[in-house]
Amino acid sequence: MRAWEKNFRKVEPYVPGEQPVFDKMIKLNTNECPYPPTPMIREAMEGLESDRFRLYPDFKSTSLVEALAEYYGLKEEQVFVGVGSDDVLSVAFLTFFNSEKPILFPDITYSFYDVWADVYRIPYERPALDDNFRIRKEDYYKENGGIVIANPNAPTSIAEGLEFIEDILKHNQESVVIVDEAYVDFGATSAIALLEKYENLLVVQTFSKSRAMAGMRIGYAMGHPSLIQAMNDVKYSINSYTMNYPALQYGVCAVKDDAYFKECCGKIIATREKVAKELEELGFTCLPSSANFLFASHKSVPAKEIFAALREQNIFVRYFNKPRIDNYLRITIGTEEQMQIFIDFLKDYLG
Ligand SMILES: *Cc1c(COP(=O)(O)O)cnc(C)c1O
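Residues numbered from 1 in each chain as written. Predicted model: local features only at pLDDT ≥ 70, side-chain atom pairs only at ≥ 80, totals over all residues. Heavy atoms only, no water.

A separate point is the sheet that holds strand β3 (residues 103-104). With mixed pairing, the 7 strands of this open sheet are ordered in space as β2-β8-β7-β6-β5-β3-β4. A single partner strand is all that each edge strand has here, and the edge strands are β2 (79-82) and β4 (124-125). Sheet topology places β3 next to β4; 2 bridges connect them, and they run parallel. The residue of β4 that forms the bridge with Leu104 is Glu125. (Pairing = 2+ DSSP bridges. Helix = DSSP H or I, 4+ residues; strand = E, 2+ residues; numbered from the N terminus.)

Next comes the structure, spelled out in C-alpha cells:
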C-alpha cells in the first residue's frame, strides 16, 4: 500500500443496474419509463441557444423551483432541486444526519441508503421488514438520528398509506424523516399533505421514473423552509451550479404538461395490473405493487434461472443476489408490446 492510500476514503460503491445496448433488447431492469417524455421538450430543444452555454446557469434554479412549487401548491422556499433524487438524497443525508444516534431504514430498501451512510460516516440500523415484506412501524419508535422510508418501497413495490407515514412522524418529532417517493405517481399517496403539520418531514421525488427523464437527471425535495434552507447551505458549500441550463428548461416542460404525465402513468398502471395477472397464471407470486415495476417470485423455478433465460433473449430484468430476496425478480413495466413479448417467452419457457 502506498503511504497516502491509508488516507483514502474507502467505500463500497452503489452498483447501478446495467445499461446494455442491443438493437432489439427489452430493457426492464432499471425502472425507466418506456414512453418518451412530453413532446413539449422537443419544441424546447429547438428553442435552446447554444450561445447560452457560455454563461453559468441560474444557481437557484428559479424557473424549475417555481414550476414545482406551483404544481404542488407550495411556497418556493419549500422546494429544493438537484441532479436526480440521488443527488437530493445525498445532500439530505449530509445535511440532516449528523447525530451520534443511528439513522433507521429497512433491511430491504433502496440500496443507496447504506452507501451514503457509509461514505458520510453516519451510523445506521436496518430493522427487518416483516415476512410479507412490510415495514413494521413499531421498529421506528426508538431513539434515532433520522429515518428514511421509501414509499412505495423498492424493490418490494409495496406502498403504505398516509396514516402509516403519519404514525412514524408522530413518534419521531426530534429527527428528520425522509420519505423517498420515487414511485409515488404510480398509485401511492404522497406525504406532501403532511408537510404543513410536520416541520421535520422531507418528501423526495424524481423526474426519472414517472416523468420519463432519467437521462436528464432531475430530482427534488419538498419540506419546511428551514429544511430547504439548510440543504441549500450545504449544496452551495459543495457545488452551486448543479442544474444545467437545458435540464432546467426541460424540467419545466415536464411539470407543465400534466395531461401527458397523467396519461403515461395511467398506461403504466394498466399494463402493470394486466402483467401481474398473467404472471400469476404462470405460477408467479407478485407483491402488491404501487410502482412501475413488479417484484415476483416463481413457485418452482429459481429466479436466478429465469433471469438468465430472459437475458439470453435480450430481455433484461433485475435480480438481486441478496438475503431474503434472492428468489425474486424485479420487472420494470414496459410498453404493452414489450410486456407481451416478455409474457410470451415465459409461457414458452415455463410451459
Ligand atoms: C430510482 C430511485 C431513486 C433515484 O432516482 P434518480 O434517477 O437519481 O432521481 C431514488 N430512490 C429510489 C427508491 C429509486 O428507486
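Glancing now at the pattern of salt bridges. All chains considered together, the criterion is met by 17 salt bridges. For the salt bridge of Glu336 with Lys274, the shortest nitrogen-to-oxygen distance reads 2.9 Å. A residue pair is termed long-range when its members are at least 10 positions apart, and Glu336 in helix α10 (residues 336-350) and Lys274 in helix α8 (residues 258-281) qualify at 62 residues. On the basis of relative accessibility, which here comes to 30%, the residue Glu336 falls in the partly exposed class. Of the residues examined, Lys274 reaches a relative accessible area of 35% and is grouped as partly exposed. (Salt bridge = Lys/Arg side-chain N within 4 Å of Asp/Glu carboxyl O. Buried < 20%, exposed > 50% of the residue type's maximum accessible area, 1.4 Å probe, protein only.)

Within the largest apolar cluster, 53 residues are counted, with the highest numbers of intra-cluster contacts made by Leu64, Leu68, Leu201, Phe207 and Met222. A per-element tally of this core places helix α7 (residues 245-256) first, with 8 residues. When residues of this core are sorted by domain, at least three fall in each of domain 1 (17-37 + 259-350) and domain 2 (40-256). When sequence neighbours within four positions are dropped, the list of residues in contact with Met222 reads Tyr72, Leu74, Gln78, Val79, Ile192, Leu195, Leu201, Leu202, Val203, Gln205 and Ile228. Among the nonpolar cores identified, the runner-up in size contains 41 residues, and Tyr183, Ala291, Ala309 and Val317 belong to it. (Core = buried A, V, L, I, M, F, W, Y, C linked by side-chain atoms within 4.5 Å. Domains from an automatic or database assignment. Contact = heavy atoms within 4.5 Å.)

Another point: empty space enclosed by the protein. According to the stated counting rule, one finds 2 cavities of 30 Å³ or more in the structure shown. In this model, the largest cavity occupies a volume close to 60 Å³. Ranked by residue count, the leading element in the lining of the largest cavity is α8, at 3 residues. Two domains each donate at least three residues to the lining of the largest cavity, and these are domain 1 (17-37 + 259-350) and domain 2 (40-256). As a volume, the second largest cavity reaches approximately 40 Å³. (1 Å grid on protein atoms, 1.4 Å probe; cavity = no way out; pocket = protein on both sides within 12 Å on 5 of 7 lines; lining within 4 Å. Points joined across faces, edges and corners; volume = space filled by probe spheres on them.)

Here Phe342 lies in helix α10. Phe342 gets classed as buried once you look at its relative accessible area, which sits at 1%. C-alpha separation for the pair Phe342 and Leu310, spaced 32 residues apart in sequence, amounts to 8.2 Å. Discounting residues that sit within four places of it in the chain, Phe342 has contacts with Leu28, Leu279, Leu310, Ile315, Val317 and Ile331.

To continue, consider the layout of surface pockets. In this structure, the largest pocket occupies an estimated 1,000 Å³ of space. Lining of the largest pocket is provided by 42 residues; of these, Tyr14, Val15, Tyr110, Ser111 and Arg318 occupy positions nearest its centre. Looking at the lining of the largest pocket, the elements that each hand over two or more residues are α3 (84-96) and α4 (113-119). Considering only residue class, the lining of the largest pocket consists of 17 nonpolar, 11 polar and 14 charged. (Nonpolar A, V, L, I, M, F, W, Y, C, P; charged D, E, K, R; others polar.)

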